[in-house]
Amino acid sequence: MTTQPTVTGAIVEYIQMVTYDSIPEDVRRELKRCLVDGLGVMLAGTPSACSRLIQRYVQESKSPGASAVVGTGILTSPSLVALANGVAGHADDFDDTQLSQTPDRIYGLLTHPTVPALAAALAVGQDVKASGKEFLTAFCGGIEVECKIAEAMNPEHYIKGFHTTGTVGVFGATAAAAKLYKLSPEQTRFALGIAASKSAGLRVNFGTMTKPYHAGAAAENGVVAARLARLGYQSDPNALDGQWGHFQVTGGGCDPARIVGHLGNPYTLSWPGVSVKPYPCGSLSHPSLDALLDLITEHDIKPSQVAQVRLGAGRNILNPLRYKEPQNSLEAKFSLQFCLGILLLRRRAGLQEFVDDVVRSPEVRAMMALVETYHSPEIEAKGSDRMRSLVEVRLKDGRVLTRLAETSRGTPERPMSRQEMAAKFADCAHATLSQERITTALEAIHRVEEMGSVGELVERVTVF
């Protein structure tokens, strides 16, 4: 086997070497935040239509196993649990997003880091009866590998239409599973190689059930890759590198210097950080939504006062948020017309707003018709290192209120407090868990490192 330095080799070395004690305290705190958010969005997504279909598929598969699907009484194999939990975690598009380190990367669009790694770690952690510390270590390793790969890849990977939560999330899931299965260095190389051939996800499916499937498939495929490697299945030992490797084939290469020597140095969770979503929709809309909400609150704007809303942005915002007349809640998540319109009507854009009946209601359709978006060359020229837009509200009395949007709540610049995270968790979990169970689940998350088995945590968020 070749011993020359490669990106694949650097990732293998990190997976092998990371321990709970080597994870800095600030990163451990962020891991708890990721757990609160990740488990919350999984619970929120459990009753969704796409999750129900996946649960039906899982049950029809009749695959034996003792791992549990969050929010349900389903017990099955680790790979199918990873699939179901991954789909649920991304069903509402409410899960966190990775931030870029430099302006030449796409801010907020690198990957949704928590769900693929968490779905895999929960499934395999139950399978091997991992302790809380072992689970956290694997979860941390999965997020770090996923984020560093996403940061290193040529931005053309995303720009050309790949959805990194699927294409890169699979490596985070593989890293977490490999750590929990205690794979050898050679087996870990093979697992990453298998995962490279299972990397998939296209942005054309934004606004459909298949977008959350990307996260679920990434988690499932990562677990499968690790289990196959554990059995002796082989692949190219440097499948991320070289002319035919993952980086070159799917994106025209990568910057190895962003990975080699930088895994855990510093951790992405420490810098530049990960952004928590305040709204269950595409993150590209969040700064615009917060800017509009600030204007609504500051000027006490009533829906009847609004003549028009105009939003100027670059193509990095306008192209993905492409549904001008969404027909359902999935399309509404990628519609500036709906997101801004519902905020004007209700002063909130939460889980209760992103449902089909609301999207199709006459009052919402009427407000959406007042929202106009346009391409701004000036804003686009500032680059994609921020999700910039200019929000303009024209009132019937002639006033014009404007606000430049560059950041939103939940980013490291405007972080959510522990209380705000608990409130989001409660909002996500209320349809699945009782208030008492919500309280005990939050308590369990914040002491997971003390648990002898991660199964204790899963029991707190599972309905038997």
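Residues numbered from 1 in each chain as written. Predicted model: local features only at pLDDT ≥ 70, side-chain atom pairs only at ≥ 80, totals over all residues. Heavy atoms only, no water.

Asker: Lay out the overall build of the chain with the relevant residues and their values.
Answerer: What the chain contains, in helices and strands, is 22 helices and 8 strands. For the chain, the C-alpha radius of gyration of 21 Å lies close to 23 Å, the compact-globule estimate for 464 residues. Each of the three principal axes of the chain carries a C-alpha extent, and together these read 70 × 50 × 40 Å. Split into buried and exposed, the 464 residues of the chain put 61% on the buried side. For the chain, contacts bridging at least 24 residues in sequence account for 78% of all contacts bridging at least 6. Accessible surface computed for the chain: about 17400 Å², of which carbon and sulfur atoms make up 52%. The centroid of the 47 positive side-chain charges in the chain is displaced by 2 Å from the centroid of its 49 negative side-chain charges. (Helix = DSSP H or I, 4+ residues; strand = E, 2+ residues; numbered from the N terminus. Rg over C-alpha atoms; globule rule 2.2 N^0.38 Å. Buried < 20%, exposed > 50% of the residue type's maximum accessible area, 1.4 Å probe, protein only. Contact = heavy atoms within 4.5 Å. Areas by Shrake-Rupley, 256 points an atom, 1.4 Å probe, with all protein chains shown as cover. Lys, Arg positive; Asp, Glu negative; His and termini not counted. Charge placed at Lys NZ, Arg CZ, Asp CG, Glu CD.)

Asker: Summarise the pattern of salt bridges; cite the residues concerned and give the values.
Answerer: Within this structure, the stated rule accounts for 29 salt bridges. In this structure, E406 and R388 form a salt bridge, with 3.2 Å as the shortest nitrogen-oxygen distance. Residue E406 is located in the loop between β8 (400-405) and α20 (418-429), and its partner R388 is located in the loop between α19 (377-380) and β7 (389-395); the two are separated by 18 residues in the primary sequence. Here the salt bridges share partners, and the residues they tie into one network are R447, E456, E459 and R460. (Salt bridge = Lys/Arg side-chain N within 4 Å of Asp/Glu carboxyl O.)

Asker: Tell me about the nonpolar core, and please be specific about residues and values.
Answerer: I11, L39, F135, I149 and F425 are the most contacted members of the largest nonpolar core, which totals 101 residues. It is helix α6 (residues 132-152) that provides the largest number of residues to this core, a total of 11 residues. Leaving out residues up to four positions away in the same chain, I149 has contacts with I11, V168, F171, L240, F247 and I259. Among the nonpolar cores identified, the runner-up in size contains 43 residues, and L289, A291, I342 and M387 belong to it. (Core = buried A, V, L, I, M, F, W, Y, C linked by side-chain atoms within 4.5 Å.)

Asker: Can you tell me about helix α3 (residues 49-61), naming the residues and giving the values?
Answerer: Look at α3: 19 Å from first C-alpha to last across 13 residues, which is about the 18 Å you get at 1.5 Å a residue. Looking at the buried positions of α3, the neighbouring elements they touch are α2 (25-45), β2 (75-76), α4 (78-90) and α11 (210-231). Following α3 by one or two positions, K62 has its phi on the positive side, about 50°. (Expected span 1.5 Å × (residues − 1).)

Asker: Can you tell me about the sheet that holds β8, naming the residues and giving the values?
Answerer: Strand order in the open sheet made by the 4 strands is β6-β5-β7-β8, with mixed pairing throughout. Of all the strands in the sheet, the pair left with one neighbour each is β6 (371-375) and β8. Recorded for the sheet is a direction-independent mean angle of 15° between the axes of neighbouring strands. Both strand β5 (residues 306-313) and β7 contribute to a ladder of 7 bridges, which runs antiparallel. Within β7, the position partnered with L311 by the bridge is V391. (Pairing = 2+ DSSP bridges. Axes fitted to C-alpha atoms, helices over the stretch in contact; angles between N-to-C directions.)

Asker: Any details on the packing of aromatic side chains? Residues and values, ideally.
Answerer: Geometrically, a pair of aromatic rings is defined through the distance of the ring centres and the angle of the planes. This model, assessed by the stated rule, comprises 4 aromatic pairs. Summarising the aromatic geometry, the rings of F338 and F354 are spaced 5.1 Å apart at their centres and angled 65° between planes, so their arrangement reads as edge-to-face. Taken together, the positions of F338 in helix α16 (residues 336-346) and F354 in the loop between α16 and α17 (356-359) put the pair 16 residues apart, joining distant regions of the chain. Residue F354 is classed as buried on the basis of its relative accessible area of 6%. Between K211 and the ring centre of F206, over which it is positioned, the NZ or CZ distance is 4.8 Å. (Phe/Tyr/Trp six-rings, centres within 6.5 Å; stacked < 30°, edge-to-face > 60°. Lys NZ or Arg CZ within 6 Å of the ring centre and 35° of its normal.)

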